[in-house]
Amino acid sequence: MLIDTEATTGALRDLRRARRSNRLENIHWIDAVYRVYITALFGAIGVIFLIGKLPDDKLSAASLDKLAEQGPAALGLFIAVAVAFGLRSGGRGGPLTLEAPVVQHELMAPVPRESVVRGPAVKQIRFMAFCGMVIGAIIGLLAGRQLPGGVVGPTFFTALTGSLIAILATGTAMVTSGRRVGWWIANAIAAVVLAWSVVDVMVKVRTSPLTWLGGLAFWSIRVTPVALVGVALALTLGVLGVLGVGDLSIEAARRRAGLVAQLRFAVTLQDMRTVVLLRRQLSQEKPRNRPWFGIGRGGRMPQIWRRDWQGYLRFPVPRLLRMVGLSIVAGLSIGAMWRGTTAMFIVAGLALYLAAYDAVEPIAQEIDHPSRWESFPEDSGRILILHLPAAIITMVVMCGIAAASSLVLVPGNVVGRLALPMVLSVACAATIAAAVSTAMGAPNVAGLLGFGQDMLGFVLAARLVAPPAIVVVSLLPLLGAGRNADAINSAKVSNLVAYPFFLIFAAGMYLRYKKPSHL
Amino acid sequence: MTDKRSHDNTDDNDDDDDAMTPIPDSDVPAGAALVTSKLGKDYGDGMGLVGLDLEVQPGELVMLVGPNGAGESTFLGLAAGLIEPTNGAAWVLGQKIGSLPARAGTSYLPDAPVLYDDLSLFEHIEYIARMHATQEWEEYADDLLDMFNLTDRSDDLPSRFSRGLKQKTALILGLIRPFSVLLIDEPFVGLDTPGQETLVEVLADVAEQGAAIICSTHQMDLTPKATRCIGLRDGEMSYDGPASPEKIRSLVGG
């Protein structure tokens, strides 16, 4: 018996054509154009805002020389992080996110699998390259104002580099997935890639191909022909990824298909807790079977407090690393803020907000299990509040890590004087913000329709923005410290810290008296 | 199956060897529809299936039963090639599961219907039949639509159907293409009584035509038609013998 794969592949092509045609018939073009317009408008406003916040003095010749000398290695390290993410994703069956019917009906049909996945793979790599290009172009546009010769050159080369970074990372993930490289091996390779780039940064050499690729972004300052090797590497991995991804794991594709569909739905609903849970399932992040160490049974320790710490002690390594990583990002962003890029305090606030999402896991566990909750004699708000101290202590540690990381860019005496008044308030703000967001759950759109169609969008946006805004606001007192390292106004910062506590108190009251929507 | 829905016989196109995938011989027991050898799945936090040895012959209608979490869905997923075994192996008509020829011979229906959002019922039928190189599928499609009372809905989007109608759609899609092994996970869930009766008759008919059917269900109506019952418990085979309502009750509840 023979299978006519040409006929079956032809049927697959016809199926895709029919789906595309049906989708196009159902597009509301006015809505689509309006969405593009709104996205472009807000994007442009954001870029103009950022341009206004950045210093526009031209760099001195010495600074330019230093940038051209050290920039490629620093960018190479960033590329290494992107490649490491790609390896990690590929080791777990990513990055392709096929739809469930594609897995069920197309990958299980007698059609060569490379024919099934090549189209989605090309589409994904194209989309990632476009995103990389846009991000690169924005960075080039912002940085170009400080460089001689206008913004066109820097914008072109950073856009090109951004696009190639995306192709490299996605291609690496596809090669890893198509070759069925195991999770541990992929992580080991990622560690080597990262270590190589760290060595380049520390020793100030250019040995890694990723450093060479990073050099392309600086071609408007200094042309380094070796960057072409990095370009060739990125393109080769992109092509190999698309060609080899047909051998991907069907089990992983099926798992991802189900989870990604739910994830998109949860994002649409703005249900951040569900997004967090699905994200963990997607990366197969499970609590440890055994805690890192036991804290014993009995004793006088309050039960909620004990349960919180038992939960933290089962945190898996990736979650702990993510929290520490986000704290380091927050610290470096604060450092950049000190150095003059004021808007970076928003990045710092968002990083700490995301770290706090893991810190409030014990609270989230309560909210996730309404049947257990209803059996408690205590009222719900009180239980949530009792969970906060452990989460705040965890975030104090994370804020401490952020403060230590900021030492890379901020003088030690400045960090020493500002960390003390700031750490507790920022830790409290991040914890309460993440707890409120978790407790809010998905918005009740039907109920919100009472505001009217026009207001609904603003209310939904406010629900999404309010919790992280609490953390961002808690960082504002840093702006009162002044820019002179020898005359830091820590007293003013300490006074300003009182204001975010009003917000924290209000959010705490919300948590105390508003029953979580899941219940 | 050797009925009118058989795969395209491509004798006329023998010169186009590149487009043809020959089905090779195998060392596994000849004539068996499905063979598993020490087939197992370790999920990391527990065993889904433990070293299952099984041989299912063409024409057998096997009821797969067990309490919740016994490993029925894992077994069906493994046999379909959707779940990768951590040990052992399985073959469909002598072909390693997951291979192109094995995929051509295996029809699998998961417990929840999986349908495209943007294709009508008839488009689903057409493209799935064609992706399996099915000949003369149109007449059989009309028969199946008629049997499951979906003729009037063939131009509608199944994604907007009720759970029961989605289940009927999934059943039609599982049956429209040729297969030697039919693996079905809880097919009676959501079906109305006429739909359940139709399904029992269709499954018996398909088995009579020579396909091997493995159906995970606790539906007693299928018992008289079943030629064999396999019980699973904690991922291991707990029973292999004739099907009877008493036996199924004891396997599920006992």
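The rules behind the values
Residues numbered from 1 in each chain as written. Chains lettered and ligands numbered in written order. Predicted model: local features only at pLDDT ≥ 70, side-chain atom pairs only at ≥ 80, totals over all residues. Helix = DSSP H or I, 4+ residues; strand = E, 2+ residues; numbered from the N terminus. Rg over C-alpha atoms; globule rule 2.2 N^0.38 Å. Buried ≥ 20, exposed ≤ 12 C-beta atoms within 10 Å, placed from the backbone. Contact = placed C-beta atoms within 7 Å. Axes fitted to C-alpha atoms, helices over the stretch in contact; angles between N-to-C directions. Parallel < 35°, antiparallel > 145°, perpendicular 65-115°, else oblique. Left-handed = near helix turned anticlockwise from the far one by under 90°. Pairing = 2+ DSSP bridges. Domains from an automatic or database assignment. Nonpolar A, V, L, I, M, F, W, Y, C, P; charged D, E, K, R; others polar.

Participant: When you look at the overall build of chain A in this model, what are you seeing that I'm missing?
Facilitator: The helix and strand tally for chain A stands at 22 helices and one strand. Relative to a compact globule of 519 residues, whose C-alpha radius of gyration would be 24 Å, chain A shows 25 Å and is just as compact. Principal axes of the C-alpha set define a box for chain A whose edges measure 75 × 65 × 55 Å. Each of the 519 residues in chain A was classed as buried or not, and the buried ones make up 40%. A sequence separation of at least 24 residues applies to 78% of the contacts in chain A between residues at least 6 apart.

Participant: How should I be thinking about the overall build of chain B in this particular structure?
Facilitator: Scanning chain B for helices and strands turns up seven helices and 11 strands. The proportion of buried residues among the 254 residues of chain B is 48%. Restricting to contacts in chain B with at least 6 residues of sequence separation, those with at least 24 account for 72%.

Participant: What is the right way to read the packing of helix α17 (residues 380-406) of chain A against helix α18 (residues 412-440) of chain A from this model?
Facilitator: Between two packed helices, both the angle of their axes relative to each other and the distance between the axes serve to describe the pair. All names here are of chain A. One can describe the packing of α17 onto α18 by two numbers: an axis separation of 7 Å at closest approach and a directional angle of 135°. When the axes of α17 and α18 are compared, the pair comes out oblique. Both α17 and α18 take part in a crossing whose hand is right-handed. Contact with α17, carried on its side by Leu384, Leu388, Ala391, Ile392, Met395, Val396, Cys399, Gly400, Ala403 and Ser406, involves Val415, Ala419, Val423, Leu424, Val426, Ala427, Cys428, Ala430, Thr431, Ala435 and Ala439 of α18 and no other residues of that element.

Participant: So what exactly am I meant to see when it comes to the pairing of strand β4 (residues 61-65) of chain B here?
Facilitator: Where a strand is regular, its side chains alternate between the two sheet faces. All names here are of chain B. In terms of burial, β4 is largely enclosed, as five of its five residues are buried. With burial as the criterion, each face of β4 is covered, one bearing Leu61, Met63 and Val65 and the other bearing Val62 and Leu64. Pairing of β4 with strand β9 (residues 212-216), which is carried by four bridges, proceeds in the parallel orientation. Along β9, the bridge assignment pairs Leu61 with Ile213. Note that β4 and strand β10 (residues 228-233) share four bridges and pair parallel. Note that in β10 the partner of Val62 across the bridge is Arg228.

Participant: I'm lost on the sheet that holds strand β8 (residues 181-185) of chain B in this one. Help?
Facilitator: Each strand in a sheet pairs with its neighbour through backbone hydrogen bonds, running either in the same direction (parallel) or in the opposite one (antiparallel). Residue and element names in this part refer to chain B. The sheet built from six strands is open, its strands ordered β7-β8-β9-β4-β10-β11 with mixed pairing. This sheet does not close on itself; its edge strands, each paired only once, are β7 (106-109) and β11 (236-241). The average undirected angle you get between the axes of adjacent strands in this sheet is 15°. In the packing of helix α1 (residues 72-80) onto the sheet, contacts are made with β4, β7, β8, β9 and β10, and the angle to β8 comes to roughly 150°. Contacts from helix α5 (residues 163-176) reach β7 and β8, with the element oriented near 175° to β7.

Participant: Is there a simple way to explain the packing of α18 of chain A against helix α22 (residues 498-513) of chain A in this structure?
Facilitator: All names here are of chain A. Packing of α18 against α22 leaves a shortest axis separation of 9 Å and a crossing angle of 30°. Looking at the two axes, α18 sits roughly parallel to α22. Judged by the twist between their axes, the crossing of α18 over α22 is left-handed. Two secondary-structure elements touch here, α18 through Ser425, Cys428, Ala429, Ile432, Ala433, Ala435, Val436 and Ala439 and α22 through Pro500, Phe501, Ile504, Ala507, Gly508, Tyr510 and Leu511.

Participant: Just checking my understanding: could you explain the domain arrangement of chain A for this structure?
Facilitator: Interfaces are often sized by the accessible area lost when the parts come together. Residue and element names in this part refer to chain A. Splitting chain A by domain gives domain 1 (28-54), domain 2 (58-263) and domain 3 (301-513). One C-alpha centre belongs to domain 1, the other to domain 2; they are set 26 Å apart. Taken together, the contact pairs four residues of domain 1 with four residues of domain 2. Counted by class, the side of domain 1 that touches domain 2 contains four nonpolar, no polar and no charged residues.

Participant: Where do I start with the interface of chain B and chain A in this structure?
Facilitator: Listed by partner, the interface residues are 32 residues for chain B and 29 residues for chain A. Of all the secondary-structure elements, those providing two or more residues to the side of chain B that touches chain A are β1 (20-22), α2 (100-105) and α3 (121-131) of chain B. Considering every element that reaches the side of chain B that touches chain A, the biggest residue donor is α3 of chain B, with five residues. Across the side of chain B that touches chain A, the residue classes break down as 18 nonpolar, seven polar and seven charged.

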